[in-house]
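Examination of the molecular architecture
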Amino acid sequence: METLEKQITKTKNKTMTGAQAVVQSLIEEGVDRIFGYPGGAIMPVYDALYDVEDKLTHVLTRHEQGATHAAQGYARATGKTGVCLATSGPGATNLITGIADAQIDSTPLVCITGQVKSTLLGSDAFQETDVIGISMPVTKWNFQVTKAAEIPEAIAKAFYIARSGKPGPVLLDITKDAQFEKVDFEYQPFVSMRSYQPVPLADHVKLKQAAELIDQSKRPLVLFGQGLILSNAEEEFKTFIEKAGLPAAWTIMGLSALDSEHPLNVGMLGMHGNYAPNKLTNECDVLIAVGMRFDDRVTGDLNRYAKQAKVIHLEIDPAEIDKNVKTDVAILGDAKESLKQLTRIINPNSHFQWLKRFRTLEKEEYEVVINKELNPDSDQLSMGEVVHCINERSDGKSVIVTDVGQHQMVACRYARFRKSKSMITSGGLGTMGFCLPAAIGAKMGAPEKQVIAIVGDGGFQMTIQELGTIFQNDVPVKIVLLNNEFLGMVRQWQELFFEKRYASTHMVNPDFQTIVSGYNIKSRLVEDRSELKDAVQEMLDSKESFFLEVRVGKENNVFPMVPTGASVSEIRLK
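This report concerns the structure included in the present document.

Calculation rules
Residues numbered from 1 in each chain as written. Predicted model: local features only at pLDDT ≥ 70, side-chain atom pairs only at ≥ 80, totals over all residues. Heavy atoms only, no water. Helix = DSSP H or I, 4+ residues; strand = E, 2+ residues; numbered from the N terminus. Rg over C-alpha atoms; globule rule 2.2 N^0.38 Å. Buried < 20%, exposed > 50% of the residue type's maximum accessible area, 1.4 Å probe, protein only. Contact = heavy atoms within 4.5 Å. Areas by Shrake-Rupley, 256 points an atom, 1.4 Å probe, with all protein chains shown as cover. Pairing = 2+ DSSP bridges. Axes fitted to C-alpha atoms, helices over the stretch in contact; angles between N-to-C directions. Phe/Tyr/Trp six-rings, centres within 6.5 Å; stacked < 30°, edge-to-face > 60°. Lys NZ or Arg CZ within 6 Å of the ring centre and 35° of its normal.

So, the overall build of the protein chain
In terms of regular secondary structure, the protein chain is built from 23 helices and 20 strands. Computed over its C-alpha atoms, the radius of gyration of the protein chain comes to 24 Å, within 12% of the 25 Å expected for a compact globule of 574 residues. Overall size of the protein chain, expressed as C-alpha extent along the three principal axes, is 70 × 65 × 40 Å. Among the 574 residues that make up the protein chain, the fraction classed as buried is 59%. Residue pairs in contact within the protein chain that sit at least 24 positions apart in sequence constitute 77% of those at least 6 positions apart. Summing over all exposed atoms, the protein chain offers an accessible surface of approximately 23,100 Å²; the carbon and sulfur share of this is 49%.

With respect to the sheet that holds strand S9 (residues 220-224)
Strand order in the open sheet formed by 6 strands is S11-S10-S9-S12-S13-S14, with parallel pairing between adjacent strands. Single-partner strands in this sheet number two, and they are strand S11 (265-268) and strand S14 (329-332). Adjacent strand axes in the sheet meet at a mean angle of 20°, parallel and antiparallel pairs treated alike. Pairing geometry for S9 and strand S12 (residues 286-290), over 5 bridges, is parallel. Bridge pairing in S12 links leucine 221 to leucine 287. Its contacts with the sheet put helix H9 (residues 204-216) on S12, strand S13 (310-315) and S14, and the angle it makes with S14 is roughly 130°. Where helix H11 (residues 234-244) meets the sheet, its contacts fall on S9, strand S10 (248-250) and S12, and the angle it forms with S9 comes to roughly 170°.

Concerning the packing of aromatic side chains
Per the counting criterion, the structure on display carries 12 aromatic pairs. An angle of 75° between the planes, with centres 5.6 Å apart, marks the rings of phenylalanine 486 and tyrosine 502 as edge-to-face. Placement of the pair is phenylalanine 486 in the loop between strand S18 (478-483) and helix H21 (488-497) and tyrosine 502 in the loop between H21 and helix H22 (512-518), with a sequence separation of 16 residues. Judged by relative accessible area, phenylalanine 486 falls into the buried class, the value being 8%. For tyrosine 502, a relative accessible area of 24% gives the class partly exposed. Connected via pairs of aromatic rings, a cluster forms that spans Tyr160, Phe190 and Tyr196. One residue, arginine 491, lies across the ring of phenylalanine 486, its end atom 5.8 Å from the ring centre.

Laid out in structure tokens, this is it:
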């Protein structure tokens, strides 16, 4: 391991087991809550946890995947590093989906797995799996601990790597004999590492070049992503766009970084995003990307993406520069500091005529899509009107957690947010089953906030067992199930591109009300529009967990839509 270049306060030497060193190291890092599931190879750590229940709360999830998603929700709602535990073999492999999700969405996690004794490694022992090899492609760093003396430094390094620079998940695999072995415990948190520079320094020449392009621009457009939230740069960003009068559009991971009602907020990018920012991406003369990575869902056909524009990219990760979109000016560094410096040197400006183009297209989208979604002429409830009703009654101050599918896109489009860290969703990996455990973690991390899980009937059943975690821990999370008895997003594609051949997308669902009642969770079923407002209010007023199932139109579609392989300017309103 790399030696420390600096050190800060360290604990006094004390002899303890490796398992106790794991627990004490977590406490030294300020961890107050971890999520996990016990088993043979991690049992010594669980035994050590028994003695520190007053300092470190362990949340027993019902599946290891649930533990990773709960840790993600906790991290996303708090800005802290999420922590989860699992045993070896299937326990460790069950973490992988959540770890992969955290990697692509830059969520800081420290995942600790037990492993068979070091003398058994490579022997195909009971519940032995090469979790280091399996997790290597989807972790920022991983390491196998075989000696107790390695534990404190490994955990300190894990936390430093997970949260520094571009955050991400790390995994420590600790053999069982290392957990029993004695160690003279001493803990030194990492503050730097040789050969690792998590935050590149901004280039002043590049900043000046970017400022000149922005000052000269007649039709600028800013695209912002989760990098703003991760760097706590929301205020700096707001000052930046207001000074230069820059219209700003968001990725789903950047949603809530800018107040939904801000006059320069022009909406959502991407496949099911708003009409104006997608269309005008191919009309702007300067495209300014801040803390986003030009995902394919945002860009559509790269060969026809913003070819007319000069591209400025503010990004912390050098690997993202020129990966998908060729950049004219790349500014490496932390978004917070880069925006401060850039704002100081740009000229005050406004772009009233250019902004009018957005408003004109917004009106067109409202007439063709939004008004019909929020005020449907059908007896069937729409997903959009449910989300809109929730938003009206929560005043945009709730934390919304979504699963993946039609309801996710609808929630992103129609929920309104006043504060950052208020939208938690699986963006890059698109993991069905993410929502319920992530909402549990978010509520535990931010108990003072109203946390609402919006989920579809497909994703809900992938981690439905986490209702048990809510029951056991009395987590007052609110769950809104939008039930259309279909895997809705796949069905929409089958309707539009596969001649309505609905192969394996219709769902014969159980009685969700009966299932939820078995977990002692209050619930209500809404099938008629006249009941919706009252039911939503009852849910929001509840001091306990609440399950609201809303039957929505079975074959409703989400528009606008950029078909696969199309240009963003070919976005369809219907």
